[in-house]
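Inside the fold
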Amino acid sequence: MIGKKLSGSAARRALVGATSGLLAAAAALGVAQLVAGLTGPLGSPVVAVGEVAINLTPVPVKDFVIGHVGSHDKQVLVAGILLMLAAFAAVVGMLALRRIGYGFAGLAVFGVLGAAAAITRPNSGPADLVPTLVGVAVAAVALTLLVRAGGGRQRPGPTSLPGPATAVQDWYAPAPLAEARPGALSARTPDRRRFLALAAGTAAVTAAGGLAGQKLLSRFNVDRLRAAIRLAAPAKRAPAVTAGTQLPIPGITPFFTSDASFYRVDTELVLPQIAPDEWTLRVHGMVDRPLELSFGDLLRRPLTEADITLACVSNQVGGPLAGNARWLGASLAALLREAGVHAGADQILSTSNDGWTAGTPTAVVMSDPDALLAVGMNGQPLPIAHGFPARMIVPGLFGYASATKWVTDIELTSFAAQRSYWVQRGYSVMGPIKTMSRIDVPKPFQQVHAGRTAVAGVAWAPHRGIERVQVQADGGPWHDAQLAAADGIDTWRQWVWYWDAAPGLHQLQVRATDGTGATQPGKRTGIFPNGATGWDSAAVTVT
Ligand SMILES: Nc1nc2c(c(=O)[nH]1)N[C@H]1C(S)=C(S)[C@@H](COP(=O)(O)O)O[C@H]1N2
Ligand SMILES: [Mo]
C-alpha cells in the first residue's frame, strides 16, 4: 500500500484533485453556513444561488418542475445546485493540482457567483456577503494545503522515478528527494498521510461548521413570537358551516384543509422570519393619504372571518394545489378607502418582504368585503409558511394574482404602468380561478368491487360558486352528482355519485358547472398562461 504513489497514475491524480476540490467546496459551504448563522440566513450561498436560480428559471422549466415534483420543487432545486457545485469543484480541484492558480481562479468564480447572488436580492444587505467571502477564503486555504499534500503540479512522469525504494521514500521524506532530482525542482511529491489527515480535518471543519450554523440559524426563527400572538374575536363572523358541507365519504378531500396539508407555493428557499414588532405595511402610490400600519394597528382593526378556497395557477387538472381555510383579517377595501384610491389606479401591486409581487384588480377588491389582509388561518395566527405575520387573500383569484404572503407593501398603480412577478414571466394579467372538479375516490388505478361504489371529490369555482357536478363512465351519459351543502360561493364543494360498477377496466370523468351557468370545458390545456382546463379522469379496475 504504502509503496504506491499518489502520482503513479493519471486516475489517481484525478482522484486526488477531485477530492481536494470537493473537500474545499464543502469546507466553503460549511464555514459559510456557520457565518450565516451569525449574519442571517439569507447569506448562505446555496440559498442565495438557489433563490436567484428560482427567479431566473424559465417558465416552462418551472411549470415542468411544479407539475412533476410538486412541493418537492425546492429539494430538487437544492440537490441540483449541490450536484452542479460538486462537479465544478471536482474540476477545479483537478486543475489546482496542476497549478494552484487555476484552483484560485475557480474559487473566485464560485465566490463571485455566490456573492452576487447574496447581494442582489431585495431583502439582503452587505452582511450577507460575509458568509460567501469567508467560505471562499477558507476553501482557498484548504485547497492549497490539500493540493500540496496531494502532489502539487505535474511530476516529470514515472520514467524518471527509479524504483520502488524511492517511491516508498516519497511518502516519508518527499521534498528533498524530489527537489534533488533534476527536472523536478518545482514538482511536489505527494504525501499520503498528510493528505488523508488534511482531508479528514477539512471534512470535520465542514461538518462542525454546518451543524453549528444550523443551530445558530434557529435564532432567527419567529415561531415563539407567533405563538405569543392573541387574535381578537372577529367583528364579522363567518356564517356557521352546516353539517352537510362535509360528506361522510372515506378518502374525500376534507372541507377545511388543515395548515399542515394546505399546499405551499412560493419562490422562497428559506421561509421569511418576520418579527411582528418589525413588520410594517406601507400603502402608497395613487392614493390621497399614504398609510403605514404596524402589526398592532392591523390587529386593532375590525377583523373579518371568511371561508375562502385558494388555488394555484400551476395546478394541473386533478392536481393538489388548492386548499380551503377559514381566514381572519382586516378588510382590504376599508383600508384602501381610508387611503383614498385615485381613479385610474386599476391595479393593487402588493410586495412581499423579499420583493415578490402580485397584481390584483382594484375593482375586485373594492367590491368584496371579504378580500382580506389576513392575519389568521383556521383559528390561529398565519403559519410562517403561509405568510406570517400578514398576507393577502382575495376570493376568486389565483394566488399569483392576489395572495401575497409576508406582504409589506401595497402600491396603488395601473396595470399599464407595472407588471407583477408572474406577469413579467408571461402569465396573464388577470388571474380568476378557473372552474375545476377533482375525483378523490376511487384513487387512480384503485381496485374496487363490483356494485354500488361512491365516486366522490371536490369542485371549485371561487366567487362564482358550484351549481352542478356531473360524472360520466366510459364516455357514456353524464350523471348529476349529489352536492354537499354550499358554504357560500367562495369555497369548494364536495360531491358524490353512486356508481353501479360492473367488472372490468373503466374510465370515469367529472365536470362542474359554476354559479354563472358555465360548464368546465373538456379541452385539456396546460397551466400556462392562466390555468389548466379539462376534465379530471380516473381509471378504475372493477373486480
Ligand atoms: N411572498 C410570496 N407570496 C406568494 C407567492 C410567492 O412566491 N411569494 N406565491 C403565490 C402563489 S403562486 C400562490 S398559489 C399562493 C399560495 O399560497 P399558500 O402557499 O399559502 O398555499 O401564494 C402566493 N403568494
Ligand atoms: Mo400559484
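Cut-offs used in this document
- Residues numbered from 1 in each chain as written.
- Chains lettered and ligands numbered in written order.
- Predicted model: local features only at pLDDT ≥ 70, side-chain atom pairs only at ≥ 80, totals over all residues.
- Heavy atoms only, no water.
- Helix = DSSP H or I, 4+ residues; strand = E, 2+ residues; numbered from the N terminus.
- Buried < 20%, exposed > 50% of the residue type's maximum accessible area, 1.4 Å probe, protein only.
- Contact = heavy atoms within 4.5 Å.
- Areas by Shrake-Rupley, 256 points an atom, 1.4 Å probe, with all protein chains shown as cover.
- Lys, Arg positive; Asp, Glu negative; His and termini not counted.
- Charge placed at Lys NZ, Arg CZ, Asp CG, Glu CD.
- Pairing = 2+ DSSP bridges.
- Near = heavy atom within 4 Å.
- Polar contact = N/O pair within 3.5 Å; in protein donor to acceptor, adjacent residues only side chain to side chain.
- Salt bridge = Lys/Arg side-chain N within 4 Å of Asp/Glu carboxyl O.
- Axes fitted to C-alpha atoms, helices over the stretch in contact; angles between N-to-C directions.
- Parallel < 35°, antiparallel > 145°, perpendicular 65-115°, else oblique.
- Left-handed = near helix turned anticlockwise from the far one by under 90°.
- Nonpolar A, V, L, I, M, F, W, Y, C, P; charged D, E, K, R; others polar.
- Core = buried A, V, L, I, M, F, W, Y, C linked by side-chain atoms within 4.5 Å.

**Some points on the overall build of the chain**
When helices and strands are counted, the chain shows 14 helices and 19 strands. Seen through its principal axes, the chain has C-alpha atoms that stretch 90 × 70 × 40 Å. A burial count over the chain gives 52% of its 543 residues as buried. Put simply, 76% of the contacts in the chain that link residues at least 6 apart link residues at least 24 apart. Entry remark: accessible area of the chain is about 23,400 Å², with carbon and sulfur atoms responsible for 63%. Here the chain contributes 45 positive and 34 negative side-chain charges, whose respective centroids are spaced 14 Å apart.

**A word on the sheet that holds strand S13 (residues 451-460)**
Whether parallel or antiparallel, the strands of a sheet pair through hydrogen bonds between backbone atoms. Sheet architecture is open: four strands sit in the order S11-S13-S17-S16, paired in antiparallel fashion. Two strands in the sheet have a free side with no partner beyond their single neighbour: strand S11 (436-441) and strand S16 (482-483). Sheet topology note: the S16/strand S17 (residues 493-501) ladder contains two bridges and is antiparallel. Among the inter-strand pairings, Leu-483 is bridged to a residue of S17, identified as Trp-495.

**A look at the site of ligand 1**
The local shell around ligand 1 holds 18 residues, among which Tyr-263, His-386, Arg-391, Ala-403 and Lys-405 are the closest. Tyr-263 places a polar main-chain atom, nitrogen or oxygen, 2.7 Å from an oxygen atom of ligand 1. Trp-356 is positioned with one of its side-chain polar atoms (N or O) 3.3 Å from an oxygen atom of ligand 1.

**Concerning the pattern of salt bridges**
Tallied over the entire structure, the rule returns 12 salt bridges. The closest approach of N and O atoms between Lys-236 and Asp-370, which form a salt bridge, is 2.8 Å. Of this pair, Lys-236 sits in the loop between helix H10 (223-227) and strand S1 (280-285) while Asp-370 is found in the loop between helix H13 (362-366) and strand S7 (372-377), placing the two residues 134 residues apart along the sequence. We note a salt bridge from Arg-264 to Asp-266, for which the minimum N-O separation is 2.8 Å. Its relative accessible area of 25% is what places Arg-264 among the partly exposed residues. Asp-266 gets classed as buried once you look at its relative accessible area, which sits at 15%. Ionic contacts of the salt-bridge type, sharing partners, join the residues Arg-237, Glu-305, Asp-307 and Arg-326 into one network.

**As for the packing of helix H4 (residues 73-98) against helix H6 (residues 130-150)**
Two elements in contact, H4 and H6, have axes separated by 9 Å at closest approach and are oriented at 60°. Considering the angle they form, H4 stands oblique to H6. Here the hand of the crossing between H4 and H6 comes out right-handed. The segment H4 lies against H6, with Val-92, Gly-93, Ala-96 and Leu-97 engaging Leu-143, Val-147 and Gly-150. Split into classes, the residues belonging to the contact of H4 with H6 amount to five nonpolar, two polar and no charged.

**Considering the side chain of Ser-331**
Within the secondary structure, Ser-331 sits in strand S4 (residues 322-331). A polar contact of 3.3 Å, which involves the side chain of Ser-331, links it to the backbone nitrogen of Ala-333. Ignoring sequence-local partners within four residues, the contact set of Ser-331 consists of Pro-369, Ala-371 and Leu-372.

**Comments concerning the sheet that holds strand S6 (residues 357-361)**
Taken in spatial order, the five strands of this open sheet run S2-S1-S10-S5-S6, and their pairing is mixed. What marks the edges here is a single partner per strand, and that holds for strand S2 (291-294) and S6. Going from strand to strand, the sheet's axes swing by 15° on average, the running direction of each strand aside.

**Concerning the nonpolar core**
As a rule of thumb, soluble globular proteins bury nonpolar side chains together. Leu-281, Val-283, Leu-298, Trp-327, Leu-332, Leu-373 and Ile-410 are the most contacted members of the largest nonpolar core, which has 50 residues in total. For this core, the element with the highest residue contribution is S7, accounting for five residues. Each residue touching Trp-327, except ones within four places of it in the same chain, is listed here: Phe-262, Thr-304, Glu-305, Ala-306, Ile-308, Leu-372, Ala-374, Gly-376, Met-377, Leu-382, Arg-391 and Ile-393. Grouped together as the second largest cluster of nonpolar side chains are 24 residues, Phe-255, Phe-398, Tyr-427 and Met-436 included.

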